Structure formats: C-alpha cells, structure tokens
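Residue-level structure breakdown
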Amino acid sequence: MHKTNLAYILLLLFSIQVLAQESLYTSLTIPSKLRENANAVVRYNHVQIALNSSYEMSVLQKRVVTILNKEGDDAINAVVHYDKNVKIKNLEVKVYNNFGTQINKFKKNDFKDVSAVDGGTLYSDSRVKYLEYTAVNYPYSVEFISETVSNNTAFIQPFMPIDDYFLSIERSTYQINYPTEITLRTLERNFDNYELIKEEASGVLKYKVKNINAFKPEKYAPAFFDLAPKVLLASNQFTLEGVQAKVENWNDFGKWMYHDLIKDTHDLPESTITMIQELVKDEPNDIEKAKKIYKYVQDKTRYISVQVGIGGWKPFNASDVDKLGYGDCKGLTNYTMALLNAVGVKSNYCVVWRYTQGRSIEKDFTSMQGNHVFLNIPTENNEDIWLECTSQKLPFGFIANSTDDRDVLVITTDGGEIKHTKKYNAEESIQTINGKYSISNDGNLQAQVKVGSKGIQYDDKYWLETETERDLDKHYKKRWRYVNSMSIESMDIQNDKQDIQFIEQVSFNATNYSKVIGDRMLLTVNALNRSTHVPDRYRNRNYPLKVSRGFVDIDEVEIELPSDYKVESMPKNIAIENKFGHYKTEIEKIDENKLLYKREFKVNDGEFPKEDYEKFRSFYKTVSRQDNAKIALIKK
C-alpha cells in the first residue's frame, strides 16, 4: 500500500476515534430515548478490577456523565471511600461544557476529605473523598477517574450499571481479572429486558450493556435494588482486614464468622457472670430469663457506632461493653449473647439488611452481605425469637418495620444458615378505636377516643411515649388534621411492653365541625379515623404493585346527635371485599339522638401485577369517599 494512503487511513481512524470520544462530552449526541425521565445520562462507565490474589485487589473506574439539569448534579458521584487498608492511587475530574470543551480540572488534593460516618459513630477510620462542584450552566459533562488498591478482597464491587432513579445509561462495561486458582462466583439479576453481553476466558470475566432508560419511581413498587439489573460477584477465597477465609456456602461462611470473628469475644468477667446468674435465678424458663437479661442490657447500655478496621464486622469484646456501657450493633448483640450464654440460654448472632425496604440476604449467593446484626433465640416450637439489641425502647422480641419478614444469616457454633424473620400479618397489625363524640346544636364537636395498636401499627406509635406534651399536641392535631379548629383537652398514653400494645386515650373538641345550612346540618360520620390517602395515578404503570405490610383497623364509635335535630337521611351500610382487602361500615340507630358507627378496614400485603394497580387505587378512593359520607340532619 502506498505510504500516503496508509498515513491517510491512520489519520482517518484517529480522527474517528477522537470524534467518538468527544461526542461523549456533549448532550447533543444523547439518543432521545435516553433523555426521557432523565436528569443525567451516564455516557460511558468502565470498571476494571484486578483481583491479584486473595489479599490484594485494585479497582480502576472511568465514568463520563452528562448532567442535564440541577436535579442531576448528584449523578456526578465523584466519591471514593478509603481507610488504612484502601489506598487511593489516582483521583481526578474533568468538566466540559455542552459543546465538549474542557472548562475545569480537579486533582486529588482538590477533593474534600471527611470522615465517612455520621454523628452516631464514636470513632471510625473510614474516610471519604468527594468533589463538591457547583455548575453555572446546564447541560455539562463530567469525566471521573479513580484508582484504588486494597488489601481487603471480601467485597468485590458488583456490576450495577444503573444505581439511581432518573438516570439513563448509554454504555457500561465491567472487567475483572483474577488468578485461575481463585474461584469466582456470580449472580446475574434483572437483565431480562436488556442485552447483556458476557465474555469469559481463563482468569477474565467481562460484561457490557447499552441503552438503559431511566427508572422513574412509582409508589407501591418493589425496592430499586430488586428492580435494577446487576451482577453480584464474590470469591471463595478472600481476606478481611488480614483475616483469611475460604468459603463455598453459607455453612462455611457461618463457621468462619463464628470461629474467626465472634468466638473469642465472649470474655465476661466472673463478677458479671455471677451477677447475671443471680439476677435470673428465680425465672421459670429460658424465655423469662432472656426477657430479664434483655431489659438489663437496655437499662445498662446505649448504642454508639464504632467501626475501626475489622471492627466493621468483628464485635467488641463482651468485657469491653460490660465495662464501658456502650457499643455498636455488633458489640451490643454479642454482649447480650454472652450474658445469655452465662445462664445457659442458647442464642445466635445474625446478619441482616436493616430497613432497606425489606431487603433479604441473597440466600443463593454466599458473600459478605448485610448492614446490621441482631440476635436470634431458637425455641422448641421453632418460632424463633428475634431481639433488636441496639434499642432501649423496643419490647422483647419485637422487630417490626426494620428487620421483619426477610431472609437473614443466622450464625451458630456449627456454621451458618439462612432463616426468615417474623412476618407481621395484617391480623396482627391491628388498630382498634373505641370512642364517642357529641355534636352541639351549633355544630361543635366534643370527642373522647381510646386507640389500641399492635404489630406494625404499634411500631408506628410506640415512640410517642417519650415525646413532650407540646409535641404530642402537634402529633394529634396532625393525625386528625381533617378536623378544623381542634383543641386537645387531655392525652394519656400507655406503652404495654408485655402485651406489645400501645394505648392512647385522647379527648378533644372542635368548633364548627358540622356544616349548618338553614334548618339542616351535614355531619361527616367518621370523625376519628378517616382515610384520606389515595395512591398516585399512573397513566402507564411500569412496575408491579407491592404492598409491603398489611393492617386492620376496627372502629366502634357512639355518636350523640344535637338535641334540636333529627336524622333526615343516612349513608347506606357498605361492604367491599377484594384481593387487596375489605372495607365495611354500619350505622345503627340506638335511639332518636344516638347512633353507633362501626367500621372495619383491612389491607392485605403482597405483590400483584402492574395491571392491578388501578383497581388497588380505586379501592382506596372508594374507602376515602365512604369515610367522608355524611348524615343529613333536620331541625325538629
């Protein structure tokens, strides 16, 4: 080939490469479909991991993202976590205007460097470097490059192309290189609607995906983590803060955690062992002993997070918590476990995803998972008891709303196993209202109500026990916000931790509750528990309908009508039942001036097809409408 032609071809190829590269830095080249519902578009994201051995790993990331508007600024995500075992080798950011011209550049020293923990942590060596950038004009693009080296190989960064709502992905790639003597496992999820390209060779694994449209949040949808495409990765051989492990299944994992992280921390002083044995000596069984010890821990200790080195996973010694009177979830759980062991009550350390919309441990994928620990007490009838050891308020065995109804890792002396925590069904999560109210001839209301709450509904209210009178007043006015000009006369609350029931007794009055029009008065029957919630409307629903927790409300209210009026017309009794629950109301006439109003509203938990969402919404709309039903009164 002629040298001139060869030079021309090489120049052309170089020019094409440069143009393709530059096209990433302007919003003008973003496909229109990727703009829909997007505040930002990841133009290119490449993660390259070198798992050099079971005790050394490096991670290189290059990310180009175009920020379309102010709401997309968080998508810059120029953040790197580090500690004494994770070193930052390179960190830089370049900023481009919408025409692809570089307008700013930041190096490692330009990043803010702060502690990676909140105010609830006593001490931690975890830190974070992040870039704080204020844009002048939109759109703009950011190129972020980072490189880290770590001695910890227990956590391998997953391939998760999309990690937030309102974010589109143009191209995302992932590569991990690893020694052939290391066993690498993967779990691929939620790629059904995307073309995932996977390449495997000896010691190399690659993934690539293109054109993922932005996820738009919807009410009553599964959690983002359960919707987003991802590949989880783990090695059978890994190192955590110098502690080596080789695991193939959850049983192996549990053995490693117990023998390497937990077993040698149960070093209670003899004086404490003697004291705790004396404390429970008169208790008739293991459960009563456990209740007394749980109360002792609640009274003696407080929660403070401590995360230093392997302390992120290894608990403080029980002797330290005993002496200091504080600890994090690991320390307090381990301390409670040690106290129970001292009196012969068996208990197990458990790893869980706390809160996070009911997220479960991936039972089919053995790896470092979870963000919290708590305690399990097995019983003879196989109805395990679960204890949240960081709370000074929760009743014994109550875990609603934070660690309930999910798979967790239970660590025993023999190994690990996956168990499912208690599920609070709708019938257990019950609120009962017994009340009465009277209406004056002027339309003013005087009410007395007793509210009892259990299960999930107990969890919604038990915290009120420690609120000030002023805050309680605000709370009740907000709860009954549909009652105008409300004035609280008395409040009495009782937290029954034995039966796990929260009882509220409230008296209040309100002026002009009923509307007077000439000789008539319109009275909204449901004054004490009116449902005002109507789920959002979606013209094109994308995700399944998920109701995480069911409940039951049962109300019985006596109504005294104004003496100068009589009933002209009343709402009909109603009964609705469907897959989502049921709703029933009944109005009984006791005498000329007294009515008895009964109401029952149940919502079932569960996951339903997206096509059912409009029916679910209609159910709530009907309940709201019926809860606003009115009695027409006329002067005698």
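For the structure itself, look to the data block above.
Residues numbered from 1 in each chain as written. Predicted model: local features only at pLDDT ≥ 70, side-chain atom pairs only at ≥ 80, totals over all residues. Heavy atoms only, no water.

**Quick notes on the overall build of the protein**
When its secondary structure is counted, the protein shows 11 helices and 38 strands. Principal-axis analysis of the C-alpha atoms gives the protein an extent of 110 × 70 × 40 Å. The proportion of buried residues among the 636 residues of the protein is 51%. Sequence separation of 24 or more characterises 71% of the internal contacts of the protein that already satisfy a separation of 6 or more. For the protein, the accessible surface area stands at approximately 30,800 Å², while carbon and sulfur atoms represent 46% of it. Mean positive and mean negative side-chain charge positions of the protein (85 and 89 charges, respectively) differ by 5 Å. (Helix = DSSP H or I, 4+ residues; strand = E, 2+ residues; numbered from the N terminus. Buried < 20%, exposed > 50% of the residue type's maximum accessible area, 1.4 Å probe, protein only. Contact = heavy atoms within 4.5 Å. Areas by Shrake-Rupley, 256 points an atom, 1.4 Å probe, with all protein chains shown as cover. Lys, Arg positive; Asp, Glu negative; His and termini not counted. Charge placed at Lys NZ, Arg CZ, Asp CG, Glu CD.)

**Things to note about the side chain of Ser453**
Here Ser453 is to be found in strand S26 (residues 445-453). Look at Ser453 and you get buried, because its relative accessible area is 0%. For Ser453, the side chain forms a polar contact with the side chain of Lys461, separated by 3.0 Å. Residues in contact with Ser453, not counting those within four places in the same chain, are Ile430, Gln431, Tyr458, Lys461, Ile500, Gln501, Phe502 and Glu504. (Polar contact = N/O pair within 3.5 Å; in protein donor to acceptor, adjacent residues only side chain to side chain.)

**Overview of the sheet that holds strand S13 (residues 204-212)**
Across the sheet, which stays open at both edges, the eight strands sit in the order S5-S4-S9-S2-S1-S10-S13-S12 with mixed pairing between neighbours. In this open sheet, the two edge strands, each paired with only one partner strand, are strand S5 (102-106) and strand S12 (197-201). Adjacent strand axes in the sheet meet at a mean angle of 10° when their direction is disregarded. Two strands pair when backbone bridges link them, and strand S1 (residues 40-53) and strand S2 (residues 56-67) are joined in this way by 12 bridges, in the antiparallel orientation. By the bridge assignment, His46 is partnered in S2 with Lys62. (Pairing = 2+ DSSP bridges. Axes fitted to C-alpha atoms, helices over the stretch in contact; angles between N-to-C directions.)

**Overview of a positive patch on the surface**
A cluster of basic residues, Arg171, Lys206, Lys208 and Lys210, forms a positive patch at the surface. With three residues, the single largest contributor to the positive patch is S13. Along the chain, Lys206 turns up in strand S13. Its relative accessible area of 32% is what places Lys206 among the partly exposed residues. (Patch = residues over 30% accessible without salt bridge, like charges linked within 9 Å, V, L, I, M, F, W, Y side chains within 5 Å. Salt bridge = Lys/Arg side-chain N within 4 Å of Asp/Glu carboxyl O.)

**Notes on the pattern of salt bridges**
Following the criterion strictly, the structure yields 33 salt bridges and no others. The shortest N-O distance in the salt bridge between Asp328 and Lys330 comes to 2.6 Å. Pair check on accessibility: Asp328 and Lys330 agree, each one buried. Between Glu428 and Lys422 there is a salt bridge; the shortest N-O distance is 2.8 Å. For Lys422, a relative accessible area of 32% corresponds to the partly exposed category. Each member of the salt-bridge network shares a partner with another, and the members are Asp113, Arg127 and Lys129.

**Quick look at the packing of aromatic side chains**
In this structure the tally under the stated criterion is 33 aromatic pairs. Taken together, a centroid distance of 6.5 Å and an interplanar angle of 75° make the contact between Tyr458 and Phe502 edge-to-face. Taken together, the residues span a long stretch of sequence, with Tyr458 in helix H9 (residues 456-459) and Phe502 in strand S28 (residues 501-510) at a distance of 44 residues. Here Tyr458 falls in the buried class, since its relative accessible area comes to 0%. By the ring-pair criterion, three or more aromatic residues cluster together here, those being Tyr220, Tyr538, Phe551, Phe580, Tyr583, Phe601, Phe608, Tyr613, Phe616, Phe619 and Tyr620. Over the face of the ring belonging to Phe365 we find Arg185, whose NZ or CZ atom lies 5.4 Å from the ring centre. Here the guanidinium or amino end of Lys422 rests over the ring plane of Tyr424, the centre of that ring lying 4.9 Å away. (Phe/Tyr/Trp six-rings, centres within 6.5 Å; stacked < 30°, edge-to-face > 60°. Lys NZ or Arg CZ within 6 Å of the ring centre and 35° of its normal.)

**Focus on the state of the cysteines**
Summed over the entire model, instances satisfying the criterion amount to zero disulfides. Cys329 takes part in no disulfide bond, and the closest cysteine sulfur, belonging to Cys389, lies 9.7 Å away. Relative accessible area serves as the criterion here: at 9%, Cys329 is assigned to the buried category. Left unpaired, Cys389 is separated from the closest cysteine sulfur, that of Cys350, by 9.5 Å. A relative accessible area of 5% places Cys389 in the buried class. (Disulfide = S-S within 2.5 Å.)

**Some details on the pairing of S1**
Where burial is concerned, most of S1 is hidden: 11 out of the 14 residues are buried. Sheet topology places S1 next to strand S10 (residues 167-177); nine bridges connect them, and they run parallel. By the bridge assignment for S10, His46 is matched with Thr173. With antiparallel pairing between neighbouring strands as the criterion, S1 and S2 make up a hairpin whose turn holds two residues.

**Remarks on the sheet that holds strand S6 (residues 112-115)**
Taking strand neighbours across the sheet as the criterion, the three strands line up as S3-S8-S6 in an open arrangement whose pairing is antiparallel. On the outer flanks of this sheet lie strand S3 (79-82) and S6, each paired with one strand and no other. With direction set aside, neighbouring strand axes in the sheet form an average angle of 25°.

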